[in-house]
Amino acid sequence: MAFGYRVLGFGGGVTGAGPYNVQYLVVAGGGGAGGGHGGGGGGAGGFRTVGTKSFEVAAATPFTIQVGGGGAGSGEDPATDPGEDSVFSTITSAGGGSGNSYGVPTGKSGKDGGSGGGGGRGIYGPGGPAGSGNTPPVSPSQGNDGGAGGSENPSGNPLRSGGGGGGASQVGTDASNPIAGEGGDGSPSEISAADVTYAGGGGGGTGPDGTQAQAPGGTGGGGAGGRHGAGTAATDNTGGGGGGSGTNVAGAAGGSGIVIIRRLTASSTSSSGTVTTSGTDTIHVFTSDGTFSS
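Below you will find a few notes about this structure. (Residues numbered from 1 in each chain as written. Predicted model: local features only at pLDDT ≥ 70, side-chain atom pairs only at ≥ 80, totals over all residues. Heavy atoms only, no water.)

**Description of the nonpolar core**
Counting 16 residues, the largest nonpolar core has Ile65, Phe88, Val259, Ile261 and Phe292 as its most contacted members. Considering every element that reaches this core, the biggest residue donor is strand S1 (residues 20-27), with four residues. Filtering out sequence-adjacent residues up to four positions away, Phe88 remains in contact with Val22, Tyr24, Val26, Phe55, Val57, Phe63, Thr64, Ile65, Val259, Ile261 and Phe292. Grouped together as the second largest cluster of nonpolar side chains are twelve residues, Phe47, Ile260, Ile283 and Val285 included. (Core = buried A, V, L, I, M, F, W, Y, C linked by side-chain atoms within 4.5 Å. Buried < 20%, exposed > 50% of the residue type's maximum accessible area, 1.4 Å probe, protein only. Helix = DSSP H or I, 4+ residues; strand = E, 2+ residues; numbered from the N terminus. Contact = heavy atoms within 4.5 Å.)

Right, dumping it as structure tokens:
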């Protein structure tokens, strides 16, 4: 006798009846970087994932997908350019905190976010504090703190270096004058059937007295800081933070985020997002806002 559904096995759900389980990756947009000589790197967007198909979704239900954009880099004013949140169902990854610019006498503070932005360098005073990661807090953590900006001594020794933005798996490093802070590394994921790293922090910018070509961004799309020049924008759809400026221009932009959902092919007939298959699984990739039709 037919009962109108097929049992797919533990954790697999059913076709045409009841809920089933999926795997997800939700990465928010990365923060923009700080401007001016010695701007802080942008923090990476929040990185949230489950490594197995263990997140339950209701069958035949539309879920709104929000993919956060990267923050534009700021100029010499206080940073106001965080990344945007990414959302799937009850999972929200927080946009990356923006890096900040130099200040007199104390550098301006990096901003809080999925990962924290780097602080700007101080003029005749201490560097700006780093922004905090994993804000708001979730478990497991969605990101890490940024690094503090560099300081100048009272005689005005022009060291001009910003802190690195935090990444999904590593804090951004403090500026160690005259070397700017490096962006924290991101985290890898194989949910797309390829080994891809996401959510690297942006490197801090350094002025003309810096001893390195550029402070690198973290693996996972983080932009490099500029050396007496503009920083590098983060890679879109990685959630990386932008690179801080090393001259009198705005910091670089953060990268947009991404949402990926992976399920057993037999669990649903959904064709939403960009669809690929891997073995018995179907993978839905969203690089912009959309709807996952379970």
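Still more ground to cover, so stick around.
**Here we look at unusual backbone geometry**
Cis geometry marks the peptide bond from Thr135 to Pro136; its omega dihedral reads 0°. Its location among the elements puts Pro136 in the loop between strand S6 (91-93) and strand S7 (187-189). With omega at 0°, the peptide bond leading from Ser139 into Pro140 counts as cis. As for its position among the elements, Pro140 is in the loop between S6 and S7. With a phi close to 55°, Ser89 is a non-glycine residue in the positive phi region. Examined against the element boundaries, Ser89 turns out to sit in the loop between strand S5 (86-88) and S6. Even without being a glycine, Ala199 presents a positive backbone phi close to 65°. Its place among the elements puts Ala199 in the loop between strand S8 (196-198) and strand S9 (258-264).

That's the geometry; what it means functionally is another story.
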